[in-house]
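# Notes for the structure review
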Amino acid sequence: MSLAESWEQHAAEWIAWARTSEHDGFWDGTWPALRQLLPAPTGGAVLDLGCGEGRAGRELVNLGYRVIGADRSATLARAATAARPAMSVVLADAAALPLGDRSTDLVVACMSLLDVDDFPGTVREIGRILRPGGHLCMAVIHPFISAQDEQSMHSASFTFSRPYLQPRRYVDRIERDGLGMTFTSMHRPLSDYASALFANGMVLGALTESGDGAIPWLLAARADKVGQ
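The text that follows walks through the structure, step by step, so that each part is easy to find. Keep in mind that what you see is a predicted model, and the values were worked out from it rather than measured.

Reading the values: rules and limits
- Residues numbered from 1 in each chain as written.
- Predicted model: local features only at pLDDT ≥ 70, side-chain atom pairs only at ≥ 80, totals over all residues.
- Heavy atoms only, no water.
- Helix = DSSP H or I, 4+ residues; strand = E, 2+ residues; numbered from the N terminus.
- Rg over C-alpha atoms; globule rule 2.2 N^0.38 Å.
- Buried < 20%, exposed > 50% of the residue type's maximum accessible area, 1.4 Å probe, protein only.
- Areas by Shrake-Rupley, 256 points an atom, 1.4 Å probe, with all protein chains shown as cover.
- Lys, Arg positive; Asp, Glu negative; His and termini not counted.
- Charge placed at Lys NZ, Arg CZ, Asp CG, Glu CD.
- Arc of directions from axis to C-beta.
- Contact = heavy atoms within 4.5 Å.
- Axes fitted to C-alpha atoms, helices over the stretch in contact; angles between N-to-C directions.
- Parallel < 35°, antiparallel > 145°, perpendicular 65-115°, else oblique.
- Left-handed = near helix turned anticlockwise from the far one by under 90°.
- Nonpolar A, V, L, I, M, F, W, Y, C, P; charged D, E, K, R; others polar.
- Polar contact = N/O pair within 3.5 Å; in protein donor to acceptor, adjacent residues only side chain to side chain.
- Pairing = 2+ DSSP bridges.
- Phe/Tyr/Trp six-rings, centres within 6.5 Å; stacked < 30°, edge-to-face > 60°.

What the protein chain contains, in helices and strands, is eight helices and nine strands. Against the 2.2 N^0.38 benchmark of 17 Å for 228 residues, the protein chain shows a C-alpha radius of gyration of 17 Å, consistent with a compact globule. Expressed along its principal axes, the backbone C-alpha trace of the protein chain runs to roughly 50 × 35 × 35 Å. Burial analysis of the protein chain (228 residues in total) assigns 52% to the buried set. In the structure as shown, the protein chain presents an accessible area of about 10,000 Å², 54% of it carried by carbon and sulfur atoms. Where the 20 positive side-chain charges of the protein chain centre and where its 26 negative ones centre are 6 Å apart.

Here's what the structure looks like:
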């Protein structure tokens, strides 16, 4: 099963989970970290890449950005389209976006780059659609967390049986307060993210790590597209 198929399979679970704010770190972790990295709205197109049910995109709309959402899951794309405030949503593979070259001022990838099947192709597409001077603002589960064995991810003791530098797929099942969600994602070391950005005309302009545990759970960064 591909990562995209797994997200479609668990789409209803994710919609319930994402729309009950106590059940993950979006409101007090991921979104504040991304918000600090965002450039001011310019009126140009902003892509919410892997928009899911649309909560990050809705926050962007509320801040005055002109947002287009893109997701591979038909169920999540429909949910994002139907929610308010409204935004345009396209059903698309992140590695084959229906957008023109240099057509986008800003790409926001909120916890989505670890969930794409074709990571190199996705970063190539980001580099293709960003205009020179545009930005990618991204957040992912910190590689220090995703490198752990699955059974230790939510415990006070950490176990690592596989090399940090080895990309691998993992499954994280979480149940809280009567809700459950299965996350099927990819661990990638930080160097994989940085190398892909550099190879596609982007440089890191900012990077933050955060979390209240012994090791950070969140990595957020802004990459800037260079060139004329």
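Listing the buried residues of helix H2 (residues 11-18) in full gives Ala11, Trp14, Ile15, Trp17 and Ala18. The buried residues of H2 occupy an angular sector of 165° when projected down its axis, which confines them to one face. Summarising the contacts, the buried residues of H2 are in contact with helix H1 (3-9), helix H4 (55-62), helix H5 (74-82), strand S6 (168-176) and strand S7 (179-187).

A few words now on the packing of helix H3 (residues 26-37) against H4. Following both chains from N to C, one finds H3 and H4 inclined at 60°, their axes separated by 12 Å at the closest point. As judged from the angle between their axes, H3 and H4 are oblique. Here H3 and H4 pass one another in a crossing that is right-handed. Residues Phe26, Trp27 and Trp31 of H3 lie in contact with H4, whose contacting residues are Arg55, Ala56, Glu59 and Leu60. Taken together, the residues of the contact of H3 with H4 sort by class into five nonpolar, no polar and two charged.

This paragraph deals with the side chain of Ser185. Along the polypeptide, Ser185 turns up in strand S7. A distance of 2.6 Å separates a polar atom in the side chain of Ser185 from a polar atom in the side chain of Asp115.

Within a sheet, adjacent strands bond to each other through the backbone by hydrogen bonds, running parallel or antiparallel. Taken in spatial order, the seven strands make up an open sheet running S3-S2-S1-S4-S5-S9-S8, and their pairing is mixed. This sheet does not close on itself; its edge strands, each paired only once, are strand S3 (88-91) and strand S8 (202-210). Across this sheet, the average inter-strand angle for adjacent strands is 20°, counted without regard to direction. Two strands pair when backbone bridges link them, and strand S2 (residues 66-71) and S3 are joined in this way by four bridges, in the parallel orientation. Of the residues in S3, the one forming a bridge with Ala70 is Val90. Of the strands in this sheet, strand S4 (104-110), strand S5 (130-141), S8 and strand S9 (218-225) touch H3, which is tilted by about 20° from S9. Set on the sheet, helix H8 (residues 190-199) makes contact with S5, S8 and S9; between it and S8 the angle comes to about 155°.

With that settled, consider the packing of aromatic side chains. With the rule as written, the count across this model stands at eight aromatic pairs. Considering the side-chain rings of Trp7 and Phe183, the 6.1 Å spacing of their centres and the 70° angle between planes classify their relative orientation as edge-to-face. With a gap of 176 residues between them, Trp7 in helix H1 and Phe183 in strand S7 connect regions that are remote in the sequence. For Phe183, a relative accessible area of 16% puts it in the buried group. A ring pair is formed by Trp17 and Phe183, whose centres lie 6.4 Å apart and whose planes are at 85°; its orientation type is edge-to-face. Taken together, the residues Trp17 in helix H2 and Phe183 in strand S7 connect sequence positions 166 residues apart. Both residues of the pair, Trp17 and Phe183, count as buried. An aromatic cluster is built from Trp7, Trp14, Trp17 and Phe183, whose rings are joined through pairwise contacts.

This part is about the environment of Met181. Its place among the elements puts Met181 in strand S7. Each C-alpha atom of the pair Met181 and Val89 lies 23 Å from the other, and the pair is 92 residues apart in sequence. Sequence-distant contacts of Met181, defined by excluding residues within four places in its chain, comprise Trp7, His10, Glu13, Trp14, Trp17, Asp172, Arg173 and Ile174.

For Glu125, the position within the fold is in helix H6 (residues 119-129). Leaving out residues up to four positions away in the same chain, Glu125 has contacts with Ala94, Ala95, Ala96 and Leu97.

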